[in-house]
Amino acid sequence: MKVIFTKLTITLLCAIVISAFVSQVSAQEKDPPAPFKSYFYLQPNIGLTQYFGDLNPDDYYNTEVKLAGSGIAGWQFSRIFGFRGQFMAGKLASNSEAKQLTMEDKIWDISGQLTLNVNEIFKYNPGRFLTIYLFGGAGYLHGNNAVTNYDGTLFKEEVNSGLTYPLGGGAAFRLTDAISLNLEYGHRITPEDLKLDFHS
C-alpha cells in the first residue's frame, strides 16, 4: 500500500469566544493614553472543525463539520506581541464518494502560539472597540480515527500523533473593560505522514 498521506489540516472556527482579562484596564481613556501594562487573560472557545486531507483532496469546503472546544491562557507582554497556550479537543469527520469511505476522528492538541495585535502596529489605543490579531505557533496533536466503508465494514483504524502548526487570526470586540467577544479562525497543519492511507 503506497503511503501518500503527507498533509492533514484541521480548522477550528471559534464562533463564540469570551475573553476574560485578569488584569484591570483603565475605565476611561486619558489624554495622552496611559502607558501600556502587560496583562494575563483567559479565553474559552467553542466552534466547528473541518478536515482537509487525502480523503477529500478536491473538497475545499468539507460539509462534514463537528464541534470542538478549547481553553486559552495568554500573556500580552507588549502592545503588539503576546503569547498564549491552548488546549483543544473535538472531533473530525469526512466522506469520500470516490473512495466510498467515511472517516471519524477524535482529536486533541496542545500548542504555544505567538500573537500579533495588528491595530497596535499603527496606533496605540487602549480603549479601542475592535482589535484585529494574528497568531501562529507549534504544538502536539493526537487523534484516534476510524475509517469505514460505505457498507459499514471497517477499512482502517489508527492512533495518530505528531507535530501541528496552528495559524490563524481573529477579531476581538471589547464589551467591557474586562470582557471581549472574539471571532476566530484557526488552521492546523500536520506536515508529517500520519499513517492514514486511503489508497491501495
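Going by the structure above, here's the rest.
Everything numeric here is computed off the predicted structure, so don't read it as measured data.

Student: I tried to follow a nonpolar patch on the surface on my own but got confused; where do I start?
Tutor: A surface patch of nonpolar side chains, about 590 Å² in accessible area, is lined by Phe40, Trp75, Phe77, Phe81, Phe83 and Leu114. Tracing the backbone shows Phe40 in strand β2 (residues 39-52). In this structure Phe40 comes out as exposed when scored by relative accessible area, which is 51%.

Student: I would appreciate a short explanation of the environment of Leu163 in the present structure.
Tutor: Within the fold, Leu163 resides in strand β7 (residues 154-174). On a C-alpha basis, the gap between Leu163 and Ser111 in space is 9.5 Å, while along the polypeptide they are 52 residues apart.

Student: Looking at this model, I keep getting lost on the packing of aromatic side chains. Mind explaining?
Tutor: If you walk through the whole model with that rule in mind, you get seven aromatic pairs. Note on Trp108 and Tyr140: the rings are 5.7 Å apart at their centroids and 50° apart in plane angle, and the pair reads as tilted. Remark: Tyr140 occurs in strand β6 (residues 130-149) and Trp108 occurs in strand β5 (residues 101-117); sequence separation between them is 32 residues. We classify Trp108 as partly exposed; its relative accessible area is 32%. Following the ring pairs from residue to residue traces out a cluster consisting of Phe36, Tyr39 and Tyr41. One Lys or Arg, Arg84, reaches over the ring of Phe135 and ends 4.3 Å from the middle of that ring.

Student: I'm lost on the pattern of salt bridges in this one. Help?
Tutor: Side-chain pairs of opposite charge can arise where the charged atoms are in close proximity. For the coordinates displayed, the defined rule picks out six salt bridges. Linking Glu184 and Arg84 is a salt bridge whose minimum nitrogen-to-oxygen distance equals 3.0 Å. In this pair, Glu184 is assigned in strand β8 (residues 179-190) and Arg84 in strand β4 (residues 81-96), connecting sequence segments 100 residues apart. Each member of the pair, Glu184 as well as Arg84, is classed as buried. Each of Arg79, Glu120 and Arg128 takes part in one network of salt bridges that share partners.

Student: Would you take a moment to explain the nonpolar core for this structure?
Tutor: By size, the foremost hydrophobic cluster in this structure holds nine residues: Tyr51, Leu55, Ala68, Met88, Leu92, Leu101, Met103, Ile107 and Val147. Those elements giving two or more residues to this core turn out to be β4 and β5. In terms of residue count, the dominant contributor to this core is β5 (three residues).

What counts, and at which threshold
- Residues numbered from 1 in each chain as written.
- Predicted model: local features only at pLDDT ≥ 70, side-chain atom pairs only at ≥ 80, totals over all residues.
- Heavy atoms only, no water.
- Patch = residues over 30% accessible without salt bridge, like charges linked within 9 Å, V, L, I, M, F, W, Y side chains within 5 Å.
- Areas by Shrake-Rupley, 256 points an atom, 1.4 Å probe, with all protein chains shown as cover.
- Salt bridge = Lys/Arg side-chain N within 4 Å of Asp/Glu carboxyl O.
- Helix = DSSP H or I, 4+ residues; strand = E, 2+ residues; numbered from the N terminus.
- Buried < 20%, exposed > 50% of the residue type's maximum accessible area, 1.4 Å probe, protein only.
- Phe/Tyr/Trp six-rings, centres within 6.5 Å; stacked < 30°, edge-to-face > 60°.
- Lys NZ or Arg CZ within 6 Å of the ring centre and 35° of its normal.
- Core = buried A, V, L, I, M, F, W, Y, C linked by side-chain atoms within 4.5 Å.

Taken by themselves, the reported measurements are silent on function.
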